[in-house]
Structures are given as structure tokens and as C-alpha cells.
Amino acid sequence: MNLRPGSAIFGVNSSGRVFSLSKDEGRWREFDYLGIEFKRVSAARNVLWAVGGDHQVYVFVYGVEVPIRVKEITYENERWNPMDGFGSKLLPTDRPNFSNMGGTQAREKDSLHLPTMAWMWDDEWHVDTLFNGVQLPMGGWTYAVDFPAEYHPKKGFTSCVRRRRWLRHRKYVATSSWSSVPGLHRDSGEEPFIDVSVGGGEIPGGREEELMVWSVTMAGRVMVRQGVTDTCPEGTGWLNIPTPAGKEVSQLSVAPSGLVWAVTWQGSALVRLGVSMIDPTGISWCEVGQPRPEHPLSVVSVGTSIVWGVTRGGCVWFRQGVRSDCGGETEQLARGTKWIQMVGEVNMLSVGFGDQLLAVGDADRPVLVRTGVSSSDLSGKTWRPITAPVNGSSNFCSVPYRRRLESDRSNSSSYKEQVSLRGNNFKDSESPQPSTHDQDESGSILGVSSGDAKAKASEIGEQMLVETERRMVGMAVGSVARATLGRVPVAGPLLAGVVGGAVMEEINKSQVVDQVNQKGKDIVGAGGEDSLTKSEDQFLPCKANPLEDSTVITEVSLMDDNPPVIDIEESIYTSTMESLEPSGRLVLDWEDQYEGPDWGQDSDPVWVWVTLGGCQLDHVPQAWLVESTRSIHSLSVEEEPWRRDILAKLSRNNKVVDGEQFKDYESAIESSSWVKKGLVRVNTGGSRSRWEQAVMELEQCGTKEGQVDFGTLSIFGHKTSTKEHLSLSELTCVSICSEKSSPQLAVHTAARTIKLQPILLKFSSEAELYDWHADLVAGMNCVHGTTGRPGMGSVYSVTGRGEVMVFDPQAAKLVGEEENSVVGSQYSQEIPLEGRQTPLVEKLTNGFGPGSALYTEMTIGDACDSFSLNLQCGKIGAVTCDISLHFNPRLNNNHIVLNSYDSTSAAWGFEEKQPLVVMLDQGSAVRAFTPGQTVQLVIKAEPSRFEIFVNGVKFAAFQYRIRAENVTHFKMAGDVDVVKVIYSSRTAIIPPSEMYWRTLGGGHLLQVETCPLGVVWGLGYDSSPWVYTGGWGGATFKGPGTSQGNIHPMHDQKYFYIYENQRWNPLTGFSSSGLPTDRNMWSDKSGAHPASKEGVRLPGGGWAWTGDWVVDHHTPGGTDRDGWQFAKDFPASYHPSQTFTDYVRRRRWARRCRLVTSGPWVELGTTKLLDISLQPYTCGEGGELRCWAVATNGEALYRMGVTRDCPAGLGWSHVRSDTLFQGVTVGADGSVWLVSSEGQVYLRQGVAESSPAGQVWIQLSNPDNATRFRSVEGGRAGLWAVDTSARLWIRRGVSVQFPEGTSWGLVCSNVRSVSCGDTGDLWAVVDECNGVNGVLARRGGVTPSNPGGEEWEVTIGGGWKHMSVRGWVK
């Protein structure tokens, strides 16, 4: 069973079986039966807690893609003495030899055991050789003067004590299986449980990975399971919560916010007050009376803003005025105001996310869902039964008990017994096929002659006795197995051997098989004894430990030549219960063999308990409510001959129309234009940077089908002369940049991008904003030819508002072919020269590598005696720079000079001189350069030299002294008039400022990563991974241009933070009265900007608050009990404990909001990730990808089976390491680099398609002790890293022989993140560029001689968050 957290509801039927019903399906699916019946279940996130038929508590963990691993740590302590040196002999006042980190508790390695049988050791004890990111010598010891002191990796003269850390990991193996939770007493029957409820995953300010599990015992005591987290699913122990005297509890419910309501034996309710992050179990109880004296409560269920209750008579009530997320603050919000009775009667009910409601009906006990529940109508509209059928052919849950007693028990998925009769040879699961001649001339009936009838009858009778014995053995062994299983704490497929061994041990002790076999011999007699001695007729129990063999073959039929092979990993009862219990019926009548109507199947399931739990049920799926859908496939006419004939003719006609015969004809489609107008406020920036009223007009021309061929956007100021006329082809991006409550759009063009001054448009409402945004984006996509799926080499970026933007180089090439000439594989760009004079300096966008060319057409001045054209390296405007080619015609000396300049030595090279003569093909010669003459000059870069052509004739060649790849720009000087300059390159020439960024539609992401094969992954603010489906649209983007089939629901959540600052003074202590030079008492993190709780607004576009402001106790650096951090002054280094010199303090307040939207993304499992990176193993399109990630728990993972056809892959695999990580990258050469949580860079060596996890870790040293890296990026341009101070570093000396490199080199600062792929370029999100934050930029001047580059070239900004160019291959 493959369950996704948050996607299913769960129920228990009268047989104690557990079922799930997914939102994506219309069918109940039964959990694998493991010999345990259940009474109640409660769900939250990816766990189910249940009370079994034995009144014990069980937990079921599902949807876990990465194994749950816990690191056990113990410290070995030693003291030095003059006689023996360092040893385990410690002083009486010292800590134990093996202890915890603080030395307060002894932790011997042998004393650390597995908590329960659901765990197993993943490795052996080993020494941790890392200390604060520094590799320790062999032995892993750290030294100090004394125990509790500061430890150092090197031994000093005063080092009297030392310690080292031992590690061992344990793994939770009972996923997707029921695991028994230890009870209150050694004897589980001493105080059994009767109810359990799980919640508390959203306690304001609490840990998101922690859950609160409350339960009720038979004595009416309330117990809380402590320590239930994602890494400890079964918790650590029980805590009793006393109730008021005489108020024993029978049932309770826990809200996601932690609020607890309980039902007493008298029918009233108890409400737990004071539930908070500090005290998640609350402080005290208050009592809420029953709805009416004659209506005592029996069941309650708590939601976010409502409490539902059921009285003992089945009446439904709900409690108004409840706010569970604020219940920890006031009693009134926790207990509500009054009870209101609703129509209908139910047995129980369950409230889930969004206060959605499920119930079990009263009469036939169907599962009911409450429709119309919303934040504005918490009570909903009406009850509707869920009519989804139960999965499986047997439908065991829906068969009445009387019918089940008579039914065939051979329907188990892992075991099917076969009963055959000699002469017939058909199985009980098949219908017999009678012969066409039931009786032939010789009187044989059904293939049996009348002469053999008596022998056949005797043989059948013997087989009946053998079968009877078999069933007796099965029933006896089954009872032993059931009794034994009650003592086994864990039932699951991974522990089949343990349970099977326990069952078989009991069977062998009681000698059940031998006794029954002997009874059978006594009954059958001599003839029967002979038959029982045969191996195929005697009952053979399975091995005590079925794990000894990979498969177990069990003899289960009388005449079975091919006994079934049972997979021991399928279920615990494959090798125990199912192969021992009776299965199958002896066929006494032919009617039993026919597949007739199953009268018992018509009964509806009898449900006793349901839980909505962690299911995010935004609406009721229609598949749950449909009685039955009759297939209409038989009515289809797709396969009719006449239809196939028409389709074939239409196809032939289309080929004719699209052929050469009609290529010059215009399409018979009427073109039209349409105009949209609106009032906006506009800010065009520049010297007049102010808002003014304007009219905006969008005119588009195209077909009626919505295809836009051309369009213009015009803006006219009301009271000023402001006018803007922009073609849609000029627009490079339209992004949402709303601020607080002001809906705004930013319109970017190439010219405005260079100045970082987009046109800002402010609308009167969000609805108007999204309407204009959708129309502008749709029109721009049509004009730019980007209406389909982005190409494989596309570049992705994410704005600060979570919008995903795409630049498609393939679409840009198609548009560029209409504007620039393309000859062969050359792409050309004409450089604008209007109004420009010499000296002329221009950047070469793609550099000047082999295959590049520069065409120059110039007119030489009448008084010109010399001019030059230089191909230069480095930054434009630098005082000195390398010159790869100095082309200098000297007309007065009648020769030209070819040379180079080395800025390092500040010296020119040897001059190569040639005469000013061009040899023609006819053997004649002409002067190449003459005053007043117009000359065409072409310089080409070949693999080893520059070639120079004058007026189409080869003039000279110049061997490289400085490689052409290092050229970044050219400079022309002298008395010449430059008429035309055309720059050619082997790759498409796209200046960064002219890149068109298209929004992908809906969705909200924090990071997007891609690769050359077009596989795209994203991460949300809540660390959820998403995979791009290839579509476009969602959210507010509607209409025919969107791809509705690839649009899926999406969600995200984020936090807003503000800081409360205080200063100490001698009179009042800490207070909000600071010095005049202090920061605001409520501010952002930097303290430079004032902030307030009321001033923080939602981003809009579907965001909604999910709670109120709470003190954040998870602030980096730690806090005290009240959330404060202390320091000597603002700003400084903060610490959680106050010292004598601390005069200021601060604490962080947090508020969470959630977004529900849609977009062309599908969620990838449940594993939360911090970083991802993709890179194919080979260049082929069908190959597998390297897909590495870092989980939120710091573990390194790789995804198996990721291909272009299967972008989501098959599953995660864990890479073992004692180090926790925070970032990862896969280089263009396949090398894998990670950044640890301590800021160290690691190389994973040996990663290959045959060894996807790699072989060994190599740690790279940091530039200095103060530098800590937070991200790393590898590509063709090298290995780059960004540290915690936003400084960019490059790794030097990386080579095939030395892949880890030699040292780090500082490049620049103010860098948020970088990206590089196979192009050799470096791209980044720059924190500050000309006063604008969040600017996309490309690193200019990156050459082999200067890999760090010179400057940032603005691409677009600001307000961007992330960028990925890993898919762009030039």
C-alpha cells in the first residue's frame, strides 16, 4: 500500500480491519492483515496511532522515503597521570569513563540498547574524526586542561584530560507496519487503553516535527506519550495527566494546535488549558457542561475553530466560539461559548484540517462527510454518505459474519490452497468446463468409467479424511499462533522471522501437529495410515526461522505438482499464520465450483471508527460520492470502419494542404485586433521617480483563436506629458512586485534593465492586477514564440515572491534568426554605432574563441596616418589590460604592425611588420589602406592564430601569444569613421539584458534546479520538493493557452519575523526605552528598518495566516525560556544566557502563513529537502541522471531512476556520513560536492552510474578559520562557493589528477547565490547592484587566464531570489 501523507482518511470496520481512502482514488483499500484487530485509529501527518483488540497502543508510520536514522553518541574521557600517561583511571570527582557530552550521565557503549524491536543497528561503534569541521588525527582525541573546559584538536603542555566521541546509528525498520508501543506496566492487561488521539503538530512556536499523543486507560486516567517526533515515532515514555477528582475520562481529542478536549464518564467535557510551546501538555483542566442534562456526551472532536460532539443518543452538537490556536492564551477561546444542536444522528465523528468533518452514521453505520464546511460556515450544509467501494475481490470487510463463516478462506494475497481431484484436475478458484459429452457409449461419467466408480469413491473418501485432519491441525496451530502473537511487541514484514520463530516454538512445545496426526491415523486406520506417511499428504509446518532461505515451499494441496512459492517478505503471516490456518473447502457439489452471485457482497461495510486526521481535505472528492459508474466504452465509435476511413481521408488532405503546392497561399483566417484599457498609477523612475495617474492601453493583433502576432502597450499620463509606447516584443519580463497592500507590476525592457529602472504599475485591486498580468504574459508569450514547453537548455529563475521565470534559448534563436544573419553555424550581431565616434570600445558578448569573427567597415580619414584595432582582455576601462591582437596600419610608414601586450610584465611583444599591400588572385597587388578609402576588415579566430582579411582577400595571420579565448572586448582608435561592425560567434549571441523571462504560471517556490536533459525540480519555502510537469498556467492564469492537464494543486508556507529589542538600565532593568542611537525597539533583523506586528501584511494572492504572533524559541544561537538572546550592545554576537556585561537583549517573533494554489508542478514524496542538484551521467537523452539532495535533517541523499521520461525517479537512497550537510552540487564533469553544516566543503569521490553513492569523502580546507561556506556550485567555469558573509570564492588548481584543487581565491562580495553549467559562464543573484537588491547578473571577463572574471553584467532585477543555468549548453 502506497500512501502519501495528507492524502487519505482512515477507518476501522466491525471486523477490526483498518482501511484507507485516498483523495485520488474512489476505493477503500485494506491494510495488510497482521493478526491484529483494531478498535480505534487516529492520524496525523504520516503516522497512525491505534488501540488494538488487545487494548494496547500501536503506531503505523508510512510515507517515509528515507530511513529514519538516529545517531547515538557517547564520549570517552581519560585523564593523564605521570605513571601511565592518559588512561581510563579518573579522579573520584571526574565524570565517568563513558558519559554524555556534559559528563553528567554515564553512557557505556554496552549499556546503550535499541529502544524497541522496531529498531536495528545500522553500523558499529566508531570514533568521530571531525571536530568543529577540522579533521582530527588518528584516534580522534581532543584535549583540555580539565573537564569542563574548552577542547582543542592538538595536545598542549597543560593538557591533563582528553576525550573523543563515539558514534553509532540505529534505524527504524517498522515503517509501513504496525509497531507495538510499550504499555504502562509489564503486564499489558493490568491497565489497558481504550482511546488514543494524536495532534499537536502545529502548537504555536513549537517544533514542527513533534506530535502530542494523548490516550485514555480503562481506569479513566489520561496519559500522554512523550518524545514523539519524526525520528522517534513511538515516543520515549508515558506521562500521567491528573484529572479533577471524580472526573474519569472515557474519550478525548487533540487538535493540531495541541488543544485537548476530553469526555468524562458523567458525560461532561474537560478542556486542557495553558497548552503552549513551553508546556505542551497544558497547565490545568476546566469543565464544560454537557449540552443538556438529558444529553450526556460520548464523543468529542476538536478542530481549529470548532468542537463537535456526539451525545449518547447519537445527537450531533457543535461548540461555538472555540479558537484552538489561541486556546493556550485565554480560557474563553479554549472552551467556547455555547452548544448548538445539528440535524441528524451519528455514532462518532472526526474533525480534520480546515475544520472538515467526517462521521460514522447511526443506522447502517456508513461513513458520512459534511459538505459545505468553510471558514465562513463552520457548520457546513449537509451530510453525504461516502459510497466508495472496498478494494479487493473478497471485500472481507463488507461480508456479514455469517457469510464469512461459510466463505472460502483461500483469498489471501500470499497464500492460495489448491484442492484437486484425480481425473478432474481443476482448481477451486476456477469454474469447471464440463465435457461436451457428459456420458459416452461406455457409460463413463465425467471421464470416470462405471467400473472405476467404487474405486474413485473410496479414493475421494480417503482424501476427505486427509483434508479433515489438515483442517484440524490448522485450527489448533492457528489458536497457538494467535495466543503467541499477543506477546510479540512488533508485527511487520521485516520481523517475520522473529514472530514465526516464536509461533513455531509454541507449536513444538505443545506437540499439536503430532497429536492431531496421531488422531488422524487412529481414525483412518491402516489405509489412511499409508496415505498419511506420504510426504505430499502429511501436514508439514514451515521452518521456525523462514529467513534462512530466500523462498519457502510449503506442501498445501493433495495433488499439487507445482506448490506455491511464498515470499517471506510480503507479510508476517505468509510464513506463519496463513500457511498454518485452514484454507480452502472440500468440493462436495459442482455448484460450489461455479462463480455464482455472492449474496453477501451486497452488504455495506459496518464502520465503527473513522479519522480525518492529517488529510488536507479542501473539498470532497467526487469519486467518494458516486454510487457506481457504468462503463460506456462499448458505446465508443472510435474503432468503427467508417470512422477510421474518414480520419484517414482527413489526414491525407492535411498533408496535401501543408505541402509545397499551397505554401504560397495565405491562411484563410481572419485577423483582428482588440484593445484593453484601464486606469493605473505609474512610476517610470529616473529623475522623476514619482507616482502619477495614467491610462494604460494594451492593443493586440492576431486571430480570433487568441494567437497574438503583434501588440503594443501604451501608457499616457493624465496631468503630465508622460508617454510610453512599447511593443510586446520589446518587453523582457513582467513580474509581480507588490508591496504590502499595493498590488504592483514591474515591466522590464532591455534598455531599462541596464539602468535597473523598470516601469512600475500600481493597480486598485489584486483582481485587476492578476487580470492584466495574465493578459500581458499571454500576449508576450505568443510574440516571443514561448507558448509551449520550455526547451531542454532553458534557464530558470525565481523571484522574491516565488514566481518561476524561464528564459528559453531555443525560442530566442528562432526570434533572433529574423533579426540577425546566420551563416552555417555562425550567429551574427550588428553592433549599434549611431552617434558614436572613435575611440570605439565594445564588449564581445560570447568572447572571441575559435570560430568567432569581427567584421568592420570603415572609412579612413583624409588626414589619417595611423589607426589601430585591438582585441583586448579583462575589464573595459581598465588602466592596463592584456592585448591579444594589436592591428596597427601605419600609413605614413607604408606597413602594418601586428603585436600583443602583456600587462603583467607591462611590455609589448615582438613587432611583426607587413607591407600595406594586398595580393590579388591575378597576381597583382594593390594598396590595402589609403586615406579617404572605405575598407572592409575581417578578423577571424582560428584554433592557433588570427587570420586577417582586407576587402575579402586574406591579408595576414598572427600566431596566438595570448589565447583568443581570453579576449573580452575590442577597441578601435584613430582617424577613421566606423560605418558598420558585425560580431559573429558559433553560439547564439544574446546579451543578458535582452533575455526574455517568461513566467511558468502558478506555484510558489524558493529554488529551482535544472539540467541539460530538461528535468526540472523545485523546492518550496516549506522544503517540499516539486517536479515540473512541462505545462504552463494554474492559479490566476486561465484560458485556452494554459495546459490544464499538467496543472496540479500546490501549497507552501512561510514565516514572517520581527525582532523585539530592549536595553538594560539601572532603574527598571531591561525595557523598551533605548538610547537615541539605538535601533528601533521593534525592527527587522538588521535593526535598520522599523517593524511592527500590525505592519506586517500578507503577500496576497491566496496567502492566509495560520496563527498569531508567537515568540520563536528556535532562533539561531539559542534562547532562554522566554525567547531572549543577550549581547553587550547592538549589533553584536548574541547568546542565550545573560552575563554580567550584557546590556541589550532581543527576541524574535514569528507568524506563519500558508498558500494554497495550483501550477505545473507535482509534489515529490514527503522527504523535506534543503538543496538539490541534477546532472546526467551521459550526454544521451535517454540516460539516467545524477540527482543528489540534502534533507532537512542534514543527510546526503541521491535519487534513483531519474530520467527525462521519469523525472520524479523511483526512490531515495541514503549516503552514509557522520557529517551533516546543508548544500550540494553536481559538477558538469559529474563530481559531487557538498557543504557541511559547519561550513566545510566535501568532495564525494567515486560517483558513477555503477556506484551512484560514491566511495569516499574528501574534506577541503577553508581559506581561514573565520570563513564558513553556506553553498557550493560546480560547472564548466570551475568550483565556486559562497560563504556566510555573502563573499564569492573560486577553487584553484582543480584538475583530473587533483580533483579537490589546491586553494581558495576570493572573487567578490555581495553575492547571494551562484549558478554555472556547461557553458563556461558564471551567473549569480547579486545582493546589491547600484542600490538594488536581488539582481540577476552574469560574470563578465571570465577567461582561462582570469577565471574569476572582472565585473557583473546586469541581466534583470531587482527582487530575484535564485537562478539556475545548469541546463544551458552552448
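Residues numbered from 1 in each chain as written. Predicted model: local features only at pLDDT ≥ 70, side-chain atom pairs only at ≥ 80, totals over all residues. Heavy atoms only, no water.

S.K.: Looking at this structure, how should I read the overall build of the chain?
M.R.: Looking only at helices and strands, the chain features 10 helices and 88 strands. For the chain, the accessible surface area stands at approximately 63,200 Å², while carbon and sulfur atoms represent 50% of it. (Helix = DSSP H or I, 4+ residues; strand = E, 2+ residues; numbered from the N terminus. Areas by Shrake-Rupley, 256 points an atom, 1.4 Å probe, with all protein chains shown as cover.)

S.K.: For this particular structure, what's the right way to read the environment of Thr838?
M.R.: Checked against the element boundaries, Thr838 lands in the loop between strand 45 (826-830) and strand 46 (840-843). For Thr838, a relative accessible area of 26% puts it in the partly exposed group. Taking C-alpha positions, Thr838 is 8.7 Å from Lys971, a pair spaced 133 residues apart along the chain. Thr838 has contacts with Met972, Ala973, Gly974, Val976 and Val978, leaving out every residue within four places of it along the chain. Here Gly974 takes part through its backbone oxygen, which lies 2.9 Å from a polar atom of the side chain of Thr838. (Buried < 20%, exposed > 50% of the residue type's maximum accessible area, 1.4 Å probe, protein only. Contact = heavy atoms within 4.5 Å. Polar contact = N/O pair within 3.5 Å; in protein donor to acceptor, adjacent residues only side chain to side chain.)

S.K.: Would you mind showing me how to read the sheet that holds strand 86 (residues 1335-1340) here?
M.R.: Within a beta sheet, neighbouring strands are joined by backbone hydrogen bonds and run either parallel or antiparallel to one another. Strand order in the open sheet made by the four strands is 84-85-86-87, with antiparallel pairing throughout. The sheet terminates laterally at strand 84 (1311-1315) and strand 87 (1351-1356), the two strands that pair on one side only. On average, each strand axis in the sheet is inclined to that of its neighbour by 35°, with strand direction left out of account. The sheet contact formed by strand 86 and strand 87 spans five bridges and is antiparallel. Bridged to Ala1337 within strand 87 is Val1354. (Pairing = 2+ DSSP bridges. Axes fitted to C-alpha atoms, helices over the stretch in contact; angles between N-to-C directions.)

S.K.: Help me understand helix 9 (residues 766-784), please; the structure alone is not making it clear to me.
M.R.: Structurally, the α-helix is built with 3.6 residues per turn, so residues lying three or four positions apart point the same way. The first and last C-alpha atoms of helix 9 sit 26 Å apart over 19 residues, in line with the 27 Å expected at 1.5 Å per residue. Positioned one or two residues after helix 9, Gly785 has a phi angle of 70°, which is positive. (Expected span 1.5 Å × (residues − 1).)

S.K.: Can you help me understand the side chain of Arg1291 in this one?
M.R.: Turning to its location among the elements, Arg1291 is positioned in strand 82 (residues 1288-1292). Within the buried core, Arg1291 has no salt-bridge partner, and the shortest N-O distance to an opposite charge, that of Glu1300, equals 7.3 Å. A polar side-chain atom of Arg1291 sits 2.9 Å from the main-chain carbonyl oxygen of Glu1300. For Arg1291, the residues in contact, after removing those within four places along its chain, are Leu1260, Ser1261, Leu1279, Glu1300, Gly1301, Thr1302, Ser1303 and Trp1304. (Lys, Arg positive; Asp, Glu negative; His and termini not counted. Salt bridge = Lys/Arg side-chain N within 4 Å of Asp/Glu carboxyl O.)

S.K.: Is there a simple way to explain the packing of aromatic side chains in this structure?
M.R.: Each pair of aromatic rings is reported with the distance of its centres and the angle of its planes. Summed over the entire model, instances satisfying the criterion amount to 42 aromatic pairs. Aromatic pair Tyr796 and Tyr1028: ring centres 6.5 Å apart, planes at 65°, arrangement edge-to-face. Of the two residues, Tyr796 sits in strand 42 (residues 795-799) while Tyr1028 sits in strand 63 (residues 1025-1028), which places them 232 residues apart along the sequence. Taken as a pair, Tyr796 and Tyr1028 share a single burial class, namely buried. Plain terms: the ring middles of Phe1056 and Trp1105 are 5.7 Å apart, the flat faces sit at 70° to each other, and that makes the pair edge-to-face. Of the two residues, Phe1056 sits in strand 64 (residues 1048-1065) while Trp1105 sits in strand 67 (residues 1103-1105), which places them 49 residues apart along the sequence. We classify Phe1056 as buried; its relative accessible area is 19%. Three or more aromatic residues joined by ring pairs form one cluster here, namely Phe10, Phe31, Phe38, Tyr58, Phe60, Tyr62 and Trp178. (Phe/Tyr/Trp six-rings, centres within 6.5 Å; stacked < 30°, edge-to-face > 60°.)

S.K.: Before we go on, may I ask you to explain the pairing of strand 37 (residues 708-717) in this structure?
M.R.: When a strand is regular, its side chains alternate between the sheet's two faces. For strand 36 (residues 692-703) and strand 37, the ladder comprises nine bridges, and the chain directions are antiparallel. Residue pairing across strands places Glu699 opposite Thr712, the latter belonging to strand 37. Pairing of strand 37 with strand 38 (residues 723-727) involves five bridges; the strand directions are antiparallel. Across the sheet, the residue bridging to Ile715 is Glu724, located in strand 38. Linking strand 37 back to strand 38 in an antiparallel pair, the connection comprises five residues.

S.K.: Explanation requested: the side chain of Asn966 in the structure shown.
M.R.: Relative to the helices and strands, Asn966 is located in the loop between strand 57 (953-959) and strand 58 (967-974). Engagement of the side chain of Asn966 in a polar contact is seen with the side chain of Thr1343, the distance being 3.4 Å. If we skip the residues at most four places from it in the chain, Asn966 touches Gln872, Cys873, Gly874, Thr1343, Pro1344 and Ser1345.

S.K.: Explain a nonpolar patch on the surface to me, please; I cannot follow it from the model alone.
M.R.: Taken together, the side chains of Trp642, Ile646, Leu647 and Leu650 present a nonpolar region at the surface, about 410 Å² in accessible area. By the secondary structure assignment, Trp642 is in helix 7 (residues 641-657). (Patch = residues over 30% accessible without salt bridge, like charges linked within 9 Å, V, L, I, M, F, W, Y side chains within 5 Å.)

S.K.: Looking at this structure, I do not really get the nonpolar core. What am I missing?
M.R.: Counting 52 residues, the largest nonpolar core has Ile9, Phe10, Trp28, Leu48, Trp178, Trp308 and Ile386 as the members making the most contacts within it. Top element by residues in this core is strand 28 (residues 338-351). It accounts for five residues. In terms of nonpolar packing, the next biggest core, distinct from the first, is built from 43 residues, Leu916, Ala928, Ala941 and Phe946 among them. (Core = buried A, V, L, I, M, F, W, Y, C linked by side-chain atoms within 4.5 Å.)

S.K.: Got a minute to help me understand the pattern of salt bridges in this structure?
M.R.: A side chain with one charge may pair with a side chain of the opposite charge, provided their charged atoms come close. Under the definition given, this model contains 49 salt bridges. With its nearest N and O atoms 2.6 Å apart, the salt bridge here joins Arg1148 to Asp1112. One end of the pair, Arg1148, is in strand 70 (residues 1144-1159); the other, Asp1112, is in the loop between strand 68 (1110-1111) and strand 69 (1124-1127), and 36 residues separate them in sequence. Neither residue differs from the other here; Arg1148 and Asp1112 are each classed as buried. Several salt bridges converge on common partners, so that one network encompasses Arg69, Asp122, Lys171, Glu1195 and Arg1216.

S.K.: Just to check I follow, could you spell out the environment of Val1224 for this structure?
M.R.: You can see Val1224 is positioned in strand 76 (residues 1221-1226). Leaving out residues up to four positions away in the same chain, Val1224 has contacts with Asp1171, Ile1172, Ser1173, Trp1188, Ala1189, Val1190, Val1232, Trp1233, Leu1234 and Val1272.

S.K.: Looking at this model, I keep getting lost on unusual backbone geometry. Mind explaining?
M.R.: Phi is mostly negative for residues that are not glycine, and the peptide bonds are mostly trans. A cis amide bond links Thr838 with the next residue in sequence, Pro839, at an omega value of 5°. Inspection of the secondary structure puts Pro839 in the loop between strand 45 and strand 46.

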